[in-house]
Amino acid sequence: MDGLAKLAINDKGFTFDPATGESFRMNDSALVIIRHLRQGLSPEQVASEMSRSFAVSESTALEDILELMMQLRSFGICS
Amino acid sequence: MKKQVIAISGINATDNPGPGVPVARSLKEANPEIFTVGLSYDLHDPGNYMDFVFDATFRLPYPTQGWEALKRKLLDIKARCGLDVVIPCLDAELPLFVGHQEELLRDFGIKSFLPTNQQFNLRAKDHLVALCNDIGCRHPETKVVNSLNSLQESLKDTNYPVVVKGNYYMAKFAFTPDDACHSAIEIANDWGWPILLQKPVSGVELNVVGLGDGQGGSLGHMAIKKLKTTKLGKIWNGITIKSAALEALTERFLEATKWRGPYELECMVSQAALGEEIYLIEVNPRFPAWVYFATGCQLNLPQRLIDFVNTGNCEASCEYEAGRYFVRYCFELVTDLEKLQELSVEDW
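Thresholds, definitions, all that
- Residues numbered from 1 in each chain as written.
- Chains lettered and ligands numbered in written order.
- Predicted model: local features only at pLDDT ≥ 70, side-chain atom pairs only at ≥ 80, totals over all residues.
- Heavy atoms only, no water.
- Helix = DSSP H or I, 4+ residues; strand = E, 2+ residues; numbered from the N terminus.
- Rg over C-alpha atoms; globule rule 2.2 N^0.38 Å.
- Contact = heavy atoms within 4.5 Å.
- Pairing = 2+ DSSP bridges.
- Core = buried A, V, L, I, M, F, W, Y, C linked by side-chain atoms within 4.5 Å.
- Buried < 20%, exposed > 50% of the residue type's maximum accessible area, 1.4 Å probe, protein only.
- Buried area = accessible area lost by both parts, 1.4 Å probe.
- Salt bridge = Lys/Arg side-chain N within 4 Å of Asp/Glu carboxyl O.
- Polar contact = N/O pair within 3.5 Å; in protein donor to acceptor, adjacent residues only side chain to side chain.
- pLDDT = per-residue confidence, 0-100.

Caption draft 1: Geometry of the overall build of chain B. When you go through chain B residue by residue, the secondary structure sums to 12 helices and 14 strands. Its C-alpha radius of gyration of 20 Å places chain B within 12% of the 20 Å reference for a compact globule of 348 residues. Principal-axis analysis of the C-alpha atoms gives chain B an extent of 60 × 45 × 40 Å. Across chain B, the fraction of contacts at a sequence separation of at least 24, relative to all contacts at a separation of at least 6, is 65%.

Caption draft 2: Representation of the sheet that holds strand 1 (residues 8-9) of chain A. Residues and elements named next belong to chain A. The sheet built from three strands is open, its strands ordered 1-2-3 with antiparallel pairing. With one partner strand each, in any of the chains shown, strand 1 and strand 3 (23-25) form the two edges of the open sheet. Bridging between strand 1 and strand 2 (residues 14-16) involves two bridges; their strand directions are antiparallel. Counted as the bridge partner of Ala-8 is Phe-16 from strand 2.

Caption draft 3: Representation of the environment of Ala-55 of chain A in the model. By the element assignment, Ala-55 of chain A lies in the loop between helix 3 (43-53) and helix 4 (58-74). On a C-alpha basis, the gap between Ala-55 of chain A and Glu-44 of chain A in space is 16 Å, while along the polypeptide they are 11 residues apart.

Caption draft 4: How the structure looks around the nonpolar core. Residue and element names in this part refer to chain B. Judged by nonpolar contacts, the single largest core of 60 residues is most densely connected at Ile-8, Ile-87, Met-222, Leu-246, Phe-253, Leu-280 and Phe-287. Not counting the four nearest positions on each side in its chain, Phe-287 is found in contact with Pro-19, Val-23, Ile-87, Val-209, Gly-210, Leu-211, Pro-262, Leu-301, Pro-302 and Leu-305. Core analysis: the second largest hydrophobic core is formed by 23 residues, Val-5, Val-37, Phe-58 and Val-98 among them.

Caption draft 5: Region of the structure containing the interface of chain B and chain A. At the interface, 14 residues of chain B touch eight residues of chain A. For the pair chain B and chain A, the summed buried area comes to about 710 Å², and 63% of that belongs to carbon and sulfur atoms. If you look at where chain B meets chain A, you find one salt bridge. Salt-bridge contacts for Glu-22 of chain A lead to Lys-225 of chain B; the nearest nitrogen and oxygen are separated by 2.8 Å. Here chain B is connected to chain A by two residue pairs in polar contact (both at pLDDT 80 or more). At the level of elements, strand 9 (204-213), strand 10 (218-229) and strand 11 (235-241) of chain B are the ones that each hand at least two residues to the side of chain B that touches chain A. No other element matches the three residues that strand 11 of chain B contributes to the side of chain B that touches chain A.

Caption draft 6: Geometry of the confidence of the model for chain A. Per-residue confidence for chain A gives a mean pLDDT of 90, with 96% of residues at or over 70. At the low end of the mean pLDDT range in chain A sits helix 1 (residues 2-6) of chain A, at 82; at the high end sits helix 3 of chain A, at 94.

Caption draft 7: Quick peek at the pattern of salt bridges. Residues and elements named next belong to chain B. One pass over the full model with this rule turns up 20 salt bridges over all chains. Of the charged contacts, one joins Asp-76 and Lys-73 as a salt bridge, the two residues approaching to 3.5 Å between their closest N and O atoms. Highlighted residues: Asp-76 and Lys-73, both in helix 2 (residues 67-81), separated by three residues, approximately one helical turn. Residue classification places Asp-76 among the partly exposed positions, given a relative accessible area of 27%. Take Lys-73: its relative accessible area is 10%, and that puts it in the buried class. The partner of Lys-258 in a salt bridge is Glu-255, with the nearest N and O atoms 3.1 Å apart. On the basis of relative accessible area, Lys-258 is assigned to the partly exposed category, the value being 32%. Residue classification places Glu-255 among the partly exposed positions, given a relative accessible area of 46%. Through salt bridges that share partners, Lys-73, Asp-76, Arg-80 and Asp-347 make up one connected network.

Now the structure itself:
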């Protein structure tokens, strides 16, 4: 999660990767997921947090989290 | 105290901008007391009319007229307003300045801070492959052609599209052999041979501007990503980055070449985040036209150059913030005819 830690993210979801110069905008749920992942939580722990905070099952939340992580991998941000 | 006189070329702040105006602007910002001399090749160069950047301007003979003509002009400038340091900023004139830098200093007291002949040749476009092998980075597949005959021979077994490049300036995409032949002849007519046929590399363009100390060390460098370019490939928007892979490449370049003076590394990166697949496309032996970007990030490289040639020392930090944003813009200047008349009829 080294790449995640280095990202500059503002509270509106604007995200800048200082290693590549890439910038993108994250939606609200992606922002919450990233914040939890940056705190060192596992995807499963984040899914559990998400299901408590939002009206969503843990399995659906986990699917979304893994999909987001796959996207981040495609940007070279997390391994 | 006598003002230091610094002459800077490349004052064509046009749609294909030279580095002269941003270099002079950087120097003036660091020390408004210096006397800046713009060296121009065209009376319409915007720098001739920017009296808030240049205290005087002079016309240089074209590099094709050779060293004696250039030397005469530099001595004429020195006699008219003094000349302590010269910062040449254009590729085509650099061989003359590089080859005679010692003579300029020894015989006329005019300082410069340029690569040696050997360093200059190492990074020539037709030697780039060998340099890339030395410093362990990728390079685009490149063929060097020195004549029309060898061009026609090379085009037979070239895959398309191909980038046709001049040794100093210009690069054009070609999609067919006819296209490539036409572009090569057009470029060779303007800038001579050799012509390079380069396999295009896809990815994002990352560049480094820096100043080498001539011993393998850095007197400051900064990496950027070009976000938007003009049709001529000139940066319009950019952002500073901190790439470990690019940093390592810069260190290897400086160490291998013992680079002396300003430089720009032009790279393409296909997997930027992973730091793999860095292609070194070009090494420019001068400040790029976007050098003011570094000045705006507290790395005033032109001023460091002046400090280094004056004292043998300068600030050498490479500390800058990632995520600083560069925006180029157009600016208009309205003046009366007097200056144009002066430049048209007088020996300047």
